[in-house]
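The lines below spell out each chain.
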Amino acid sequence: MPRLTGLIVSACLFTPAFAAVVDCGEEHFVSGEHRMPTYTEALAQCRAEEAAMTDPASGTYTRARSCYDAGTPGEYGPWAHGRVAMDVVDRRTGQAATFESLWMCKPSVARDEVGAVVD
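The structure contained in this document is the topic of the report that follows. (Residues numbered from 1 in each chain as written. Predicted model: local features only at pLDDT ≥ 70, side-chain atom pairs only at ≥ 80, totals over all residues. Heavy atoms only, no water.)

## Here's the deal with the side chain of Glu-50
Note that Glu-50 resides in helix H2 (residues 39-53). Apart from residues lying up to four places away in sequence, Glu-50 is in contact with Arg-63, Arg-65, Ser-66, Cys-67 and Met-86. (Helix = DSSP H or I, 4+ residues; strand = E, 2+ residues; numbered from the N terminus. Contact = heavy atoms within 4.5 Å.)

Written out as structure tokens, the structure is:
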């Protein structure tokens, strides 16, 4: 039973609180020539960059906190937006750093102010 309790506590601590709410559609926010990644794309990009930066053989950082949601998502008209971040420590200097990536997408399901699905 203690093993199950530990698993449940770990899932609560390390699962983004709003991951189920961020349900991006296929449409991307574009401004000029800049195309913002969706939440899923930003999280995948963060994990790929984290793996390269913290690689034991070639990376210059050690992992302090793996990719996570930095703050709660916001809204800009029909668009949802937020930040994905990772915390690392420079292997040479010991200095901590946080790298963030922005995401923005149009949710696949419309929601009202309290998060209820709107038909």
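Past the structure itself, the notes keep going.
## A few points about the nonpolar core
Looking at soluble globular proteins, one finds that nonpolar side chains tend to be buried together. Core analysis: the largest hydrophobic core is formed by 15 residues, its most contacted members being Cys-24, Tyr-39, Cys-67, Val-84, Met-86 and Trp-103. Every element with two or more residues in this core is listed here: H2, strand E4 (61-69), strand E6 (79-90) and strand E7 (96-107). Among the elements that take part in this core, H2 stands out by supplying five residues, more than any other. With residues near it in sequence (within four places) discarded, Met-86 still touches Cys-46, Glu-49, Glu-50, Met-53, Arg-65, Cys-67, Tyr-68, Ala-97, Thr-98 and Phe-99. (Core = buried A, V, L, I, M, F, W, Y, C linked by side-chain atoms within 4.5 Å. Buried < 20%, exposed > 50% of the residue type's maximum accessible area, 1.4 Å probe, protein only.)

## Observations concerning the state of the cysteines
For the structure on display, the rule yields two disulfides. Cys-24 shares a disulfide with Cys-105; S-S distance 1.9 Å. On the sign convention where negative is left-handed, the bridge of Cys-24 and Cys-105, at about -65 degrees about the S-S bond, is left-handed. Highlighted residues: Cys-24 in strand E1 (residues 24-28) and Cys-105 in strand E7, separated in sequence by 81 residues. Each member of the pair, Cys-24 as well as Cys-105, is classed as buried. With its sulfur 2.2 Å from that of its partner, Cys-46 forms a disulfide with Cys-67. Around the S-S axis, the bridge from Cys-46 to Cys-67 shows a dihedral of about -100 degrees and counts as left-handed. Remark: Cys-67 occurs in strand E4 and Cys-46 occurs in helix H2; sequence separation between them is 21 residues. As far as the burial class goes, Cys-46 and Cys-67 line up, both buried. (Disulfide = S-S within 2.5 Å.)

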